[in-house]
Amino acid sequence: MTWQNRHEGRPSSSRGASNVIEGPGGLESTTSTEEKEDSATSSVKEEEEEGLILPNMEEIKELSEEIEQILPSDFDFEFEEEIESQPYLDASFKEELEEKMKSSKYMKMLSSRKRLPAYKQRQEIIDLVNSNQIIVLSGETGCGKTTQVPQFILDDYIEKGKGSLCNVVCTQPRRISAISVAERVADERGEKQLEQSSVGYSIRLENRLPRKNGSILFCTTGIILRRLESDQKLKSVSHIIIDEVHERDLLCDFLMVVVKDLVALRPDLRVIVMSATLNAEKFSQYFNNCPHINIPGFTFPVKQHFLEDVIQLTKYRPDPEPTQRHKSKRYPKWKKYMMEEEEQEEWNMKAWARNLPTDQYSPNTISALTQIDTKKINLDLVMELLRHIVNKMEDGAVLVFVPGWKEISDLNKLLLEDSRINSRDLRIVPLHSLMPTVNQRDIFERPPAGIRKIVIATNIAETSITIDDIVYVIDCGFVKVKDFNPEKGLQTLESFPVSRANAQQRKGRAGRVQAGHCFHLFTSLQYAEMKEYIAPEILRTRLEELCLMIKILKLGKIESFVNKALDVPSAEAVKAAIVNLQNLQALDDNEELLPLGYHLARLPLDPHTGKMILFSAMFGCLDPICLIAACLNFKSPFFTPLGKEAQADRCRKALAGDSPSDHIMLLKAFKKWEIASRNGNGRKFCYDNFMSENVCKMLMKMKKQFAELLYNIGFVNSLDPRNKVANIHSDNENLITAVICAGLYPNIAKVHRVAKPNRSTVSVILQNGTKGYLHKGSVNANETYFPSKWLIYHKVMKTMAVNVYDCSVVSPYPLLFFGGKISFSLTNVKGRDRECVEIDGWIPFWTERATYDLVKDLRKQLDKILEDRIVSPRAVDLTVSSKEQVIINAIVDLISKEEVTHHDFRDDDQWDSNEVDY
DNA sequence: GAGCACTGC
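Residue numbering note: each chain is counted from 1, following its sequence as written. Ligands are numbered from 1 and chains lettered from A, in the order in which they are written. Given that the model is predicted, a residue must reach a pLDDT of at least 70 before its local features are reported, and side-chain atom pairs must reach 80 or more before they are shown or counted; all residues, however, enter totals for whole chains, interfaces and linings. To obtain the side-chain values, all non-hydrogen atoms of the structure were included, while hydrogens and water were left out.

## A word on the overall build of chain A
Looking only at helices and strands, chain A features 34 helices and 28 strands. The buried label goes to any residue with under 20% of its type's maximum accessible area, the exposed label to any with over 50%, and the partly exposed label to all in between, with areas taken from a 1.4 Å probe on protein chains only. Evaluated residue by residue, chain A yields a buried proportion of 57% over its 918 residues. Counting every atom, chain A has about 39500 Å² of accessible surface; 50% of that belongs to carbon and sulfur. Each helix is a run of H or I in the DSSP string that is no shorter than four residues. Each strand is a run of E no shorter than two, and both are numbered from the N terminus. Per-residue and other accessible areas follow the Shrake-Rupley method at a 1.4 Å probe size, with only the shown protein chains counted as cover for residues.

Structure below.
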């Protein structure tokens, strides 16, 4: 894929205000690992495009086969095998290494490696590893710890003539880093060829494995945890390096508990825990005060400027009446602490400002500091600073860290409209995981002379995306943090002040290739007093999947395992997860795995979407449900270019047609993409419809993986997600929605108030009574008609308000057959008793007693059949009639033929009573 | 009352 054909047929408007946002969908470049796919999917075959909902097997078989070739077909790396000394290999590895020393290329590489700080402590590190089972090794980015330490260990073994005994596994938190580090190390070792290489990587759905003995494997943390299922002692591993532990992600914290216990069972296993310098002692203490070695950093010097310096530099004066257009709210968190504590803090700040040395800070600066509100993000000040950098400071790209979409959008507007900056001289790059720019190459390109690149980014630029030519970093001082409230069962996403770790990491982004500057928009006083770290993920997230992992790896009681973690989650959070799993029939009262739980624990999905795909196999709609599951768990293929939000929404609405469902909309869009791909227009289709082709391809691979896993469990007869028997109902929208309901229940929202044309969005009530809204990105967000007021959803999150992110309208039968407990009652409505079936006591349907009895009887039989099939999985041929199948077919029939009357819900009164008849 | 970031045989 070259630069030119990324622009096929589309003129690039690199003149004028060169904001990179262009065209309907923006452009997307492919990463190196994806490149081969582009040629694979561009086969051309004449085929009529139908407005069908779901994939026609014949039509896309070809594409499927092509994708299949790309997939890793097998895992021939046998973790189960214990390492055995192989003298022949020992000798050959040693010879190979000695041979390399004669190569000028290798020696040149070696001499640059020797300049890394890590290399200077090579012997010390080797000795420490050899004489201790666990060590902590800390060092900043650029010191070479990740690339060098695994090689030190392996080469030391090889030199000592025991190379075959050394298999180093180094875990990485991100897929990208596993690949890029492996490639870098292979390069350093002069092993470009992939066969029998001493270096490899393994990430989900993609691996290049190294040779079996004498190797270094870089893998994601999730991969090693999965491998533990079949090899509890990691028998084939001699050294495990857990990298980036300071990031404290969930899987990494989990792995540390496992490894801490494992060392007792594997006295020969060596563990190296690698972290940033800050707080490294905490890890050493955790591993019983194990030795700790620190490697000093190696990046270019970055001058740190705090708020007082920025004000002095820019002569910024806080506007007593900030302009309305970008006046941002004080973040909700601060509202809670608006009392004495905060007043005290502000007073401290004023006292501190008045005591600043007057030879460095002018009276105006000091006065500004006493007026400025440091509890909210200040884009006025960011603009003042940008003007200063753009107009007065030397060339070099600028990276601005802001918390989220809104600030990226606001700052982008301010920059384009500013009278004191010539926007023609700027290349503004908004960077957010949901914007198309994350896949564009432009972000890494150096702009032409005289053009200043300004990247406005979220935390994505803190670790995931590294832009080398950044010289100036502006750290706005806030970051979005996900949290979880176990009492309300609600996930939240709010802005918080950054931690010192964030600040340091952001600063480091300015010194990658040359000396730089970092401007923090908080005072040095705040810096000195700020929290070292944001709370680790394990304290801020739902724990269902963690619990299932504990059980499948047979790590004992959930609570006692969790109590061994570096930071222990609250008892409420653990309890909430266990109760949820018990309600799902995944765990029994003793917290042991039930048959369903056993299947769910083996699927790389959250328990609800896992249940969904199990049901899809039993109800003959495997392919579409696997796609929806992949999308809900991984990411949506849709992105939104900055400034084209409404256009992207309309586009998805058009793709949905008359289906009141985000999930069905996805199927329709995907189907169209597959047809376009076959005609060689996949890329254009994605571009026109605000989709990411890379994500589509990834979803396709995941879908295939799910089918393979279901095949392994025994639920389907074929490895192909599209096999006919498992897709007999795959064009049945009603049934697909019912299976979604079976998986995602009890995530039901009730439509409370429909949208007013062109004004509001739909408001909903959740089961616990919480009021929320449909997220603007949902195809139902602006709906004025609903055929049923019940919506099934996967994700709800509280930001400024409670938002439901995806949903499908669900009719009564799926709720009755796949929902919670059903009961019959007489309800008094306006003085009249009415017969009513209720699901879990909150979803009522008016009906006669006889209907209730019939449904109840069918439901009982269905539950028995499903339970039996979960206990003894087998591929079901829905075309073959059996007594069981008659029941299932009857229910499928009822669901398929159900038509719900369209109710006009514009009459608000209707919502307050339960007058909706079915 | 519109979207921090990751991840899994």
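## What about the protein's contact with DNA strand B?
One heavy atom within 4 Å of a molecule or strand is enough for the residue carrying it to be called near that molecule or strand. In the vicinity of DNA strand B there are 44 residues, among which Ile223, Arg226, His432, Glu545 and Thr761 approach most closely. Restricting attention to atoms of DNA strand B within 4 Å of the protein, one finds that 54% of them are sugar or phosphate atoms. Arg204 places a polar main-chain atom, nitrogen or oxygen, 3.1 Å from a phosphate oxygen of DNA strand B. Within the side chain of His432, an N or O atom sits 2.3 Å from a phosphate oxygen of DNA strand B. Of all the elements in the fold, those that place two or more residues in the surface near DNA strand B are helix H9 (221-230), strand S14 (478-485), helix H26 (645-656) and helix H29 (693-713). The biggest single contributor to the surface near DNA strand B is H9, with four residues. Ten residues, namely Ala, Val, Leu, Ile, Met, Phe, Trp, Tyr, Cys and Pro, are considered nonpolar, four, namely Asp, Glu, Lys and Arg, are considered charged, and the remaining ones, Gly among them, are considered polar. Looking at the surface near DNA strand B, its residues break down into 16 nonpolar, 15 polar and 13 charged. Two N or O atoms count as a polar contact when they lie within 3.5 Å, although within protein this holds only if one can serve as hydrogen donor and the other as acceptor, and sequence-adjacent residues are included solely when both atoms are side-chain atoms.

## Considerations on the pairing of strand S1 (residues 134-139)
Here S1 lies mainly inside the structure; six of its six residues are buried. Side chains Ile134, Val136 and Ser138 project from S1 onto one buried face, and the interleaved Ile135, Leu137 and Gly139 project onto a second face that is buried too. By the bridge criterion, five bridges tie S1 to strand S7 (residues 270-275) in an arrangement that is parallel. Considered in S7, the bridge of Ile135 is made with Ile272. Examined bridge by bridge, S1 and strand S8 (residues 292-295) share four bridges and lie parallel to one another. Of the residues in S8, the one forming a bridge with Ser138 is Asn294. Here, any two strands with at least 2 DSSP bridges between them count as paired.

## A closer look at the packing of aromatic side chains
Two aromatic rings, taken as a pair, are described by how far apart their centres are and by the angle between their planes. Centres within 6.5 Å are what make two rings of Phe, Tyr or Trp a pair, Trp counting through its six-membered ring; a difference in plane orientation under 30 degrees is then read as stacked, over 60 as edge-to-face, and the rest as tilted. By the definition in use, this model includes 13 aromatic pairs. Centre to centre, the rings of Trp790 and Trp842 are 5.4 Å apart; their planes meet at 85 degrees, and the pair counts as edge-to-face. Here the residue Trp790 occupies a position in strand S21 (residues 790-793), and Trp842 occupies one in the loop between strand S26 (832-839) and strand S27 (843-846), the gap between them amounting to 52 residues. This pair shows no difference in class: Trp790 is buried, exactly as Trp842 is. Where Phe824 meets Tyr852, the ring centres are 5.2 Å apart and the plane angle is 40 degrees; that geometry is what we call tilted. A residue pair is termed long-range when its members are at least 10 positions apart, and Phe824 in strand S25 (residues 822-829) and Tyr852 in helix H32 (residues 849-871) qualify at 28 residues. Among the aromatic residues, those joined into a ring-pair cluster are Phe306, Phe522 and Tyr527. One residue, Lys162, lies across the ring of Tyr157, its end atom 4.5 Å from the ring centre. Stacked on the ring of Tyr527, the Lys or Arg Arg500 has its end atom at 5.8 Å from the ring centre. Counting as a charge over the ring demands two things of the Lys NZ or Arg CZ atom: a distance within 6 Å of the ring centre and an angle within 35 degrees of the ring normal.

## Examining the packing of helix H23 (residues 595-602) against helix H24 (residues 607-618)
Inter-axis angles, ranging from 0 to 180 degrees, are taken between N-to-C directions of lines fitted to C-alpha atoms, where helices are fitted over the stretch in contact. Where H23 contacts H24, the axes come no closer than 9 Å and their chain directions differ by 105 degrees. Between H23 and H24, the angle falls in the class roughly perpendicular. Between H23 and H24, the contacting residues are Leu596, His599 and Leu600 on the first element and Pro607, Gly610, Lys611 and Leu614 on the second. Here roughly perpendicular refers to angles of 65 to 115 degrees, roughly parallel to angles under 35, roughly antiparallel to angles over 145, and oblique to all remaining angles. In this analysis, two residues are considered to be in contact whenever any of their non-hydrogen atoms come within 4.5 Å of each other.

## Considering the sheet that holds strand S2 (residues 167-172)
Spatial ordering of the open sheet is given by S4-S3-S5-S2-S6-S7-S1-S8, a layout of eight strands whose pairing is mixed. A single partner strand is all that each edge strand has here, and the edge strands are strand S4 (206-208) and S8. Sheet twist, expressed as the average angle between the axes of neighbouring strands with direction ignored, equals 20 degrees. Relative to strand S5 (residues 215-220), helix H7 (residues 145-159) is tilted by about 150 degrees, and along the sheet it contacts S1, S2, S5, strand S6 (239-242), S7 and S8. Relative to strand S3 (residues 199-203), helix H8 (residues 175-188) is tilted by about 170 degrees, and along the sheet it contacts S2, S3, S4 and S5.

## Considering the confidence of the model for chain A
Do not read the fine detail of predicted coordinates wherever pLDDT is low. Counting all residues, the mean pLDDT for chain A is 87, and 86% of those residues have values of 70 or more. Note: pLDDT gives the predictor's confidence per residue, expressed from 0 to 100. Confidence drops under pLDDT 50 across residues 1-23; counting only partners more than four residues distant or on other chains, this segment forms 47 contacts. Segment residues 902-918 is flagged for pLDDT under 50; beyond a separation of four residues in sequence, or across chains, it makes 46 contacts in the model.

## Notes on the side chain of Glu384
Among the structural elements, Glu384 can be located in helix H16 (residues 379-392). Separated by 3.1 Å, the side chains of Glu384 and Arg387 make a polar contact. Leave out the neighbours within four places in its chain, and Glu384 touches Thr314, Tyr316 and Arg420.

## Quick notes on the nonpolar core
Nine residue types can take part in a nonpolar core, namely buried Ala, Val, Leu, Ile, Met, Phe, Trp, Tyr and Cys, and a core is a set of them joined through side-chain atoms within 4.5 Å. Residues Ile240, Phe619, Leu815 and Phe818 are the most contacted members of the largest nonpolar core, which totals 144 residues. Element by element, the count of residues in this core is highest for helix H10 (residues 250-265), at 10 residues. Every residue in contact with Ile240, bar those within four places of it in the chain, is listed here: Val169, Thr171, Ile224, Leu234, Leu255, Val259, Leu269, Arg270, Val271 and Ile272.

## Looking at the pattern of salt bridges
One speaks of a salt bridge when a side-chain nitrogen belonging to Lys or Arg is within 4 Å of a carboxyl oxygen belonging to Asp or Glu. Summed over the entire model, instances satisfying the criterion amount to 42 salt bridges. Of the charged contacts, one joins Arg500 and Glu532 as a salt bridge, the two residues approaching to 3.5 Å between their closest N and O atoms. Here Arg500 is found in helix H18 (residues 500-508), whereas its partner Glu532 is found in the loop between helix H19 (524-529) and helix H20 (544-552), with 32 residues between them in sequence. Its relative accessible area of 16% is what places Arg500 among the buried residues. Taking the relative accessible area as the measure of exposure, Glu532 reaches 31% and is therefore partly exposed. What emerges from the salt-bridge pattern is a single network uniting Arg248, Asp253, Lys282 and Asp567.

## Focus on the packing of helix H12 (residues 307-314) against H16
Each pair of packed helices can be described by the angle between their axes along with the distance between the axes. Look at H12 against H16: their axes get within 10 Å of each other, and the N-to-C directions meet at 60 degrees. Here H12 is positioned oblique relative to H16, judged by the angle of their axes. As H12 runs across H16, the sense of the crossing is left-handed. Of the residues in H16, those in contact with Leu307, Val310, Leu313 and Thr314 of H12 are Leu381, Glu384, Leu385 and His388. Of the residues belonging to the contact of H12 with H16, the class tally is five nonpolar, two polar and one charged. Should the near helix be turned anticlockwise from the far one by less than a right angle, the crossing is left-handed, and should it be turned clockwise, the crossing is right-handed.

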